[in-house]
Amino acid sequence: MPTPDSLKGREVILAGGSGGIGAALATQLHDEGARLAISYRANRDRAAQWEGSAAVIQADLANATDRTRLLDAAPSLYALVVFAGNPARVADPSQLEATMHRSHEVNYLGPILLAREAAERMRASSTPGAIVLISTMQANALFPGSTVYAAQKAAVQHAALILARECRGASNIRVNVVSPGITAAGMAEASIASGKYDRFLQDGTLARFGRAEDVANAVRFFLEPDNYVTGQVLCVDGGITL
């Protein structure tokens, strides 16, 4: 369990963490005294709320220069959490190929390269640390129409476990994944508002939809310095993938 002041003064990067679930975690970590660097790719207005409370950096994680600039914002890096992602929805079949390429960049390539580069910096400084990647329940179960998004997130999970194995032992860099379910924040918020998922409440599959804090608390668990868990995928979905 998290302990008081255990993250006080520790440097944490929240990549793509300016809104939704990222904002819930940022608020929690800020209140605990962590030193935050928060990146955004395009939504400058949303990120502006964190100015004064965190270092705010514009970064496209698929760009090597941007990744370096983001990591440089936390020279004594303790933890990295990667929220960056794109739902990669395809309305027109003619857009499928282009959307798959972009999904690969945003949902897999950028996050995994950033995670590996963060791990290298932690190793070089002999600093134990934590890396948490955000996936999706769609990577843990089969949902029709989710190929463009879910396949890349499934790849993220596999790559994260490889990195966890490479970083275990003396390096003591813990790498884990949190896979949210239907959460009233970020990508799923508009779908919930439209009633798209009401059937899961009506048929008793779910007791309620997830809250941003549900996922943030799971991530916070993995960030605890004395945590003994690595190489795991935690699905925070209320049981829907059962």
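Residues numbered from 1 in each chain as written. Predicted model: local features only at pLDDT ≥ 70, side-chain atom pairs only at ≥ 80, totals over all residues. Heavy atoms only, no water.

1. Side note on the overall build of the protein chain
For step 1, the next point in the chain: Broken down by element type, the protein chain carries 8 helices and 7 strands.
For step 2, the next point in the chain: Against the globule reference of 18 Å for 242 residues, the protein chain gives a C-alpha radius of gyration of 17 Å, in line with a compact fold.
For step 3, the next point in the chain: Viewed in the frame of its principal axes, the protein chain has a C-alpha envelope of about 50 × 40 × 35 Å.
For step 4, the next point in the chain: Out of the 242 residues belonging to the protein chain, those deemed buried represent 45%.
For step 5, the next point in the chain: For the protein chain, the share of sequence-separated contacts (at least 6 apart) that also reach a separation of at least 24 residues comes to 69%.
For step 6, the next point in the chain: Within the protein chain, the 23 negative side-chain charges are centred at a point lying 3 Å from the centre of the 22 positive side-chain charges. (Helix = DSSP H or I, 4+ residues; strand = E, 2+ residues; numbered from the N terminus. Rg over C-alpha atoms; globule rule 2.2 N^0.38 Å. Buried < 20%, exposed > 50% of the residue type's maximum accessible area, 1.4 Å probe, protein only. Contact = heavy atoms within 4.5 Å. Lys, Arg positive; Asp, Glu negative; His and termini not counted. Charge placed at Lys NZ, Arg CZ, Asp CG, Glu CD.)

2. Some details on the pairing of strand β1 (residues 11-15)
For step 1, the next point in the chain: Here β1 lies mainly inside the structure; 5 of its 5 residues are buried.
For step 2, the next point in the chain: The alternating pattern of β1 places Glu11, Ile13 and Ala15 on one face and Val12 and Leu14 on the opposite face, and all of these are buried.
For step 3, the next point in the chain: Judged from the 4 bridges that link them, β1 and strand β2 (residues 35-40) form a sheet pairing that is parallel. For Ile13, the partnering residue across the bridge sits in β2 and is Ala37.
For step 4, the next point in the chain: Between the parallel pair β1 and β2, the chain is carried across by helix α1 (residues 20-31), and the sense of this crossover is right-handed.
For step 5, the next point in the chain: Across 5 bridges, β1 lies against strand β4 (residues 77-82) in parallel orientation. Looking at the pairing, Ala15 lines up with Val82 of β4. (Pairing = 2+ DSSP bridges. Right-handed = clockwise from strand over helix to strand, strands pointing away.)

3. Quick word on the packing of aromatic side chains
For step 1, the next point in the chain: With the rule as written, the count across this model stands at 2 aromatic pairs.
For step 2, the next point in the chain: Judged by centre distance (5.3 Å) and plane angle (55°), the rings of Phe221 and Phe222 are tilted.
For step 3, the next point in the chain: Overall, Phe221 belongs to the partly exposed group, its relative accessible area being 33%.
For step 4, the next point in the chain: Arg10 extends its terminal NZ or CZ atom over the ring of Tyr78, reaching a point 4.7 Å from the ring centre. (Phe/Tyr/Trp six-rings, centres within 6.5 Å; stacked < 30°, edge-to-face > 60°. Lys NZ or Arg CZ within 6 Å of the ring centre and 35° of its normal.)

4. Looking at the pairing of strand β5 (residues 129-134)
Within a regular beta strand, the side chains point alternately toward one face of the sheet and then the other, so they alternate between its two faces.
For step 1, the next point in the chain: Extensive coverage of β5 is indicated by the burial of 6 of its 6 residues.
For step 2, the next point in the chain: For β4 and β5, the ladder comprises 4 bridges, and the chain directions are parallel. Opposite Leu80, over in β5, you have Ile131 as the bridge partner.
For step 3, the next point in the chain: Once the chain exits β4 it traverses helix α4 (residues 96-124) before rejoining the sheet at β5, and the crossover so formed is right-handed.
For step 4, the next point in the chain: As paired strands, β5 and strand β6 (residues 173-180) are joined by 6 bridges and run parallel to one another. Within the sheet, the bridge partner assigned to Leu133 lies in β6 and is Val177.
For step 5, the next point in the chain: Remark: the β5/helix α5 (residues 147-167)/β6 crossover connection has right-handed handedness.

5. Remarks on a nonpolar patch on the surface
For step 1, the next point in the chain: Nonpolar side chains collect at one region of the surface, where Val90, Leu96 and Met100 lie side by side and expose about 210 Å² of accessible area between them.
For step 2, the next point in the chain: Here Val90 shows up in the loop between β4 and α4.
For step 3, the next point in the chain: Take Val90: its relative accessible area is 33%, and that puts it in the partly exposed class. (Patch = residues over 30% accessible without salt bridge, like charges linked within 9 Å, V, L, I, M, F, W, Y side chains within 5 Å. Areas by Shrake-Rupley, 256 points an atom, 1.4 Å probe, with all protein chains shown as cover. Salt bridge = Lys/Arg side-chain N within 4 Å of Asp/Glu carboxyl O.)

6. Describing the side chain of Arg174
For step 1, the next point in the chain: On the secondary structure map, Arg174 appears in strand β6.
For step 2, the next point in the chain: Buried and unpaired, Arg174 has Asp226 as its nearest opposite-charge partner, separated by 7.9 Å.
For step 3, the next point in the chain: From its side chain, Arg174 meets the backbone oxygen of Phe222 in a polar contact 2.7 Å long. (Polar contact = N/O pair within 3.5 Å; in protein donor to acceptor, adjacent residues only side chain to side chain.)

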